[in-house]
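Here's the letter readout for the chains.
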Amino acid sequence: MKRLDVVIVGFGIAGASIARELRARGKRILVIDAAKKSATAIAGGTIHPAVLRYYNKVWRADEFWPTAKIVYQGWEQELGLTLLDKRGLMRLFDSEQEREIWQQKREDPFWRDYLNPLEVVSSKPHPNINAPFGTGNSDEFWRFDPAQLLDNYRHHLIQSGQYIHSQLVFDDEQSLFCAINDLGYETDSVVLAQGHQQDLWPGLVRGNPILSKQGQYLIIDCPGLNLTRILKSKFFVIPLGHDRYQVGATYPHNRDSNSLEAARDRLLGELNSILKKPFKVREYWTGIRPGTKDRKPILGALNTEHKIYVYNGLNSRGLLMAPLLSSWLADFMLEDKDLPKEISINRFF
């Protein structure tokens, strides 16, 4: 029986980032993953500190954004590959009022660093985009391939004997530790990072707090579009290279076939209204993202006696938040530091 400090169940961006954080702190870890495609693996991969649809700054963006950039650049060096692709963003304005909001926001130091001066880009509209109200640009908008990150880091962990593919079956704390023992390992600490697949929520009065949201993406070919930046209208249009683009995502409230079809039609309708070039749909992806009612992650201890921790509910900002959240969770687990109350699982007890 091999003795471990921490076992991590699940390998999306939550599982991968807490694994990296704990390894950096010298802990003997093991990731156990069912190898099902996670929401991270099909995500658009955009990392940015603001919600341009409403011109709101992400909660604690001043902390999440610089930490994310440092951590992902460090991950690149560790794995010896290029993850980050600093393409920048082109925001398609939907009214004259939005142009004014953009200009007004730049009076704040945060937004002044995030939003480029409007006059620099307004005189040069993209020739292949319908932009009757113009566009605005941002350089502080990064993208990388999350599937590439997970695949490479999984291989890295396998080489060091810290990752195994297995479907753990458990319905309470005791059966969880028994399932780990059956694989030949023993530990006192487990982190559940299973996203929408997590079923074990002991002690929560209202049960499972995760709201599953099904995101949808299209992959299109659009010869001659020549986008060099990510385009943001109602959805993202993300350049993948060689005239191929990822479009989305939509989040229909229901998962029935009518809702999914309607969401896909909205994507196609939006594309037809903004692109001047013809396009062809090549692929259609769906994935389930773990959300929460208050749109905040869930971190903390499900059971302090048995040291079962949870790392879940990253919503649509998982790539931005995961690096700093992992540091907070490691501090909580190893140094007994308090978690910010906004993300603590204690809010559900």
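Attention here is on the structure that accompanies the text. (Residues numbered from 1 in each chain as written. Predicted model: local features only at pLDDT ≥ 70, side-chain atom pairs only at ≥ 80, totals over all residues. Heavy atoms only, no water.)

Below, the discussion takes up the overall build of the protein chain. Looking only at helices and strands, one finds 10 helices and 20 strands in the protein chain. Computed over C-alpha atoms, the radius of gyration of the protein chain comes to 21 Å, within 12% of the 20 Å expected from 2.2 N^0.38 for 349 residues, which places it in the range of a compact globule. By principal-axis analysis of the C-alpha atoms, the protein chain measures approximately 65 × 45 × 40 Å. Relative to its full complement of 349 residues, the protein chain shows a buried share of 55%. When contacts within the protein chain are restricted to residue pairs at least 6 apart in sequence, long-range pairs at least 24 apart make up 74% of them. A total accessible area of about 16,300 Å² is found for the protein chain, and carbon and sulfur atoms account for 46% of it. Between the mean site of the 45 positive side-chain charges and the mean site of the 41 negative ones, the protein chain shows a separation of 4 Å. (Helix = DSSP H or I, 4+ residues; strand = E, 2+ residues; numbered from the N terminus. Rg over C-alpha atoms; globule rule 2.2 N^0.38 Å. Buried < 20%, exposed > 50% of the residue type's maximum accessible area, 1.4 Å probe, protein only. Contact = heavy atoms within 4.5 Å. Areas by Shrake-Rupley, 256 points an atom, 1.4 Å probe, with all protein chains shown as cover. Lys, Arg positive; Asp, Glu negative; His and termini not counted. Charge placed at Lys NZ, Arg CZ, Asp CG, Glu CD.)

Moving on to the packing of helix 1 (residues 13–24) against helix 3 (residues 61–79). Where helix 1 contacts helix 3, the two axes come as close as 13 Å, and the packing angle between them is 75 degrees. On the basis of their axis angle, the class for helix 1 and helix 3 is roughly perpendicular. Note on element contacts: helix 3 touches helix 1 through Val71, Tyr72, Gly74, Trp75 and Glu78, opposite Ile13, Ala16, Ser17, Arg20 and Arg23. Tallied by class, residues from the contact of helix 1 with helix 3 come to five nonpolar, two polar and three charged. (Axes fitted to C-alpha atoms, helices over the stretch in contact; angles between N-to-C directions. Parallel < 35°, antiparallel > 145°, perpendicular 65-115°, else oblique. Nonpolar A, V, L, I, M, F, W, Y, C, P; charged D, E, K, R; others polar.)

Time to look at the sheet that holds strand 20 (residues 308–312). Strand order in this open sheet of six strands is 11-3-2-13-20-19, and the pairing throughout is mixed. Edge positions in the sheet fall to strand 11 (163–165) and strand 19 (298–303), since each has one partner strand and no second. Each adjacent strand pair in this sheet contributes to an overall mean axis angle of 20 degrees, direction not counted. Bridge analysis of strand 2 (residues 6–9) against strand 3 (residues 29–33) gives four bridges, and the strand direction is parallel. For Val7, the partnering residue across the bridge sits in strand 3 and is Leu30. The sheet strands contacting helix 8 (residues 173–182) are strand 2, strand 3, strand 13 (190–192), strand 19 and strand 20, and the helix crosses strand 13 at an angle near 110 degrees. Taken strand by strand, helix 10 (residues 318–335) contacts strand 2, strand 13, strand 19 and strand 20, and its axis lies near 165 degrees from that of strand 20. (Pairing = 2+ DSSP bridges.)

The subject of this paragraph is the pairing of strand 20. In terms of burial, strand 20 is largely enclosed, as five of its five residues are buried. Side chains Ile308, Val310 and Asn312 project from strand 20 onto one buried face, and the interleaved Tyr309 and Tyr311 project onto a second face that is buried too. The sheet contact formed by strand 13 and strand 20 spans three bridges and is parallel. Bridge assignment links Val191 to a residue of strand 20, and that residue is Tyr309. Where strand 19 and strand 20 come together, five bridges link them in antiparallel fashion. Directly across from Asn303, in strand 20, lies its bridge partner Ile308.

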